[in-house]
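Each chain is listed here by its residues.
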Amino acid sequence: MNPLDMLVVFPAAPSPDLARTLDLAGFRWKAVGSVDEAAKTEPQGGWAGAVISAEEDPESAWAFARALRKRDNPVNAVMLLVTGAQTRADLVEHSGLVLNLETYQASFNGNPLDLTFMEYELLKFLAQNPGKVFTREMLLSRVWGYEYYG
């Protein structure tokens, strides 16, 4: 990228980490709060690219990205930043049973369960398939694997 090229950054108040990263990498950039603002402040040669953060307001970020694509002079290089963090752990809950799929913790009615790895895997499989009946062979193949000889 030519050092004279400028990036458009959305939203108007980017995170300190994003601003610091762009500055340390030597990019020139302008933060904007809307497509209209981006059009008004666009450099003569157009935007070199766009960095769009979807962490705070994903709907506005996607709308901004779509608007950049539909312009007469579209921005070709677009980086959309999304967070991988979850506000709530991935849980399986059924009749008082709670399984945290990230930490492999299990509890029943608020009391922690002390399970081996395979006990946890079997319980998770059954909790994810409530009301279904499985043969021994089905459980062995889906939970333990075909190689299990226990």
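The structure we're discussing is the one just above.
Below is a summary of the structure that appears in this document. (Residues numbered from 1 in each chain as written. Predicted model: local features only at pLDDT ≥ 70, side-chain atom pairs only at ≥ 80, totals over all residues. Heavy atoms only, no water.)

Some points on the pattern of salt bridges
Right, on to step 1. Inspection of every chain in the model, using the stated rule, returns 3 salt bridges.
Right, on to step 2. We note a salt bridge from D17 to R20, for which the minimum N-O separation is 2.4 Å. Placement of the pair is D17 and R20 together in helix 1 (residues 16-24), with a separation of 3 residues, close to one helical turn.
Right, on to step 3. Taking the relative accessible area as the measure of exposure, R20 reaches 46% and is therefore partly exposed.
Right, on to step 4. A salt bridge links E42 to R71; the shortest N-O distance between them is 2.4 Å. Highlighted residues: E42 in the loop between helix 2 (35-40) and strand 3 (49-53) and R71 in the loop between helix 3 (58-70) and strand 4 (78-81), separated in sequence by 29 residues. (Salt bridge = Lys/Arg side-chain N within 4 Å of Asp/Glu carboxyl O. Helix = DSSP H or I, 4+ residues; strand = E, 2+ residues; numbered from the N terminus. Buried < 20%, exposed > 50% of the residue type's maximum accessible area, 1.4 Å probe, protein only.)

Here's the deal with helix 5 (residues 136-144)
Right, on to step 1. Among the residues of helix 5, L139, L140 and V143 are the ones counted as buried. Buried residues of helix 5, seen end-on, are gathered within an arc of 100 degrees and therefore sit on one face of the element. Across helix 5 from its buried face, at more than 90 degrees, point the exposed residues E137 and R142.
Right, on to step 2. For helix 5, the elements touching its buried residues are helix 4 (117-128).
Right, on to step 3. Phi for G145, located one or two positions after helix 5, is positive at around 100 degrees. (Arc of directions from axis to C-beta. Contact = heavy atoms within 4.5 Å.)

A closer look at helix 4
Right, on to step 1. The end-to-end C-alpha distance of helix 4 is 16 Å, a good match for the 16 Å that 12 residues give at a rise of 1.5 Å each.
Right, on to step 2. Residues Y120, E121, K124, F125 and A127 constitute the buried set of helix 4. Summarising the axial view, the buried residues of helix 4 lie within an arc of 165 degrees, below the 170-degree limit, and thus occupy one face.
Right, on to step 3. Of the surrounding elements, those touching the buried residues of helix 4 are strand 5 (91-94), strand 6 (97-100), strand 7 (105-108) and helix 5. (Expected span 1.5 Å × (residues − 1).)

A word on the sheet that holds strand 3
Right, on to step 1. Strand order in the open sheet made by the 4 strands is 2-1-3-4, with parallel pairing throughout. Lying at the two open borders of the sheet, with one neighbouring strand each, are strand 2 (28-31) and strand 4. Here the strands of the sheet are splayed against their neighbours by 20 degrees on average, with no regard to which way each runs.
Right, on to step 2. The pairing of strand 1 (residues 6-10) with strand 2 spans 4 bridges and is classified as parallel. Pairing of L7 across the sheet is with W29, part of strand 2.
Right, on to step 3. Helix 3 rests against strand 1, strand 3 and strand 4 of the sheet, and its axis sits at about 165 degrees to strand 3. (Pairing = 2+ DSSP bridges. Axes fitted to C-alpha atoms, helices over the stretch in contact; angles between N-to-C directions.)

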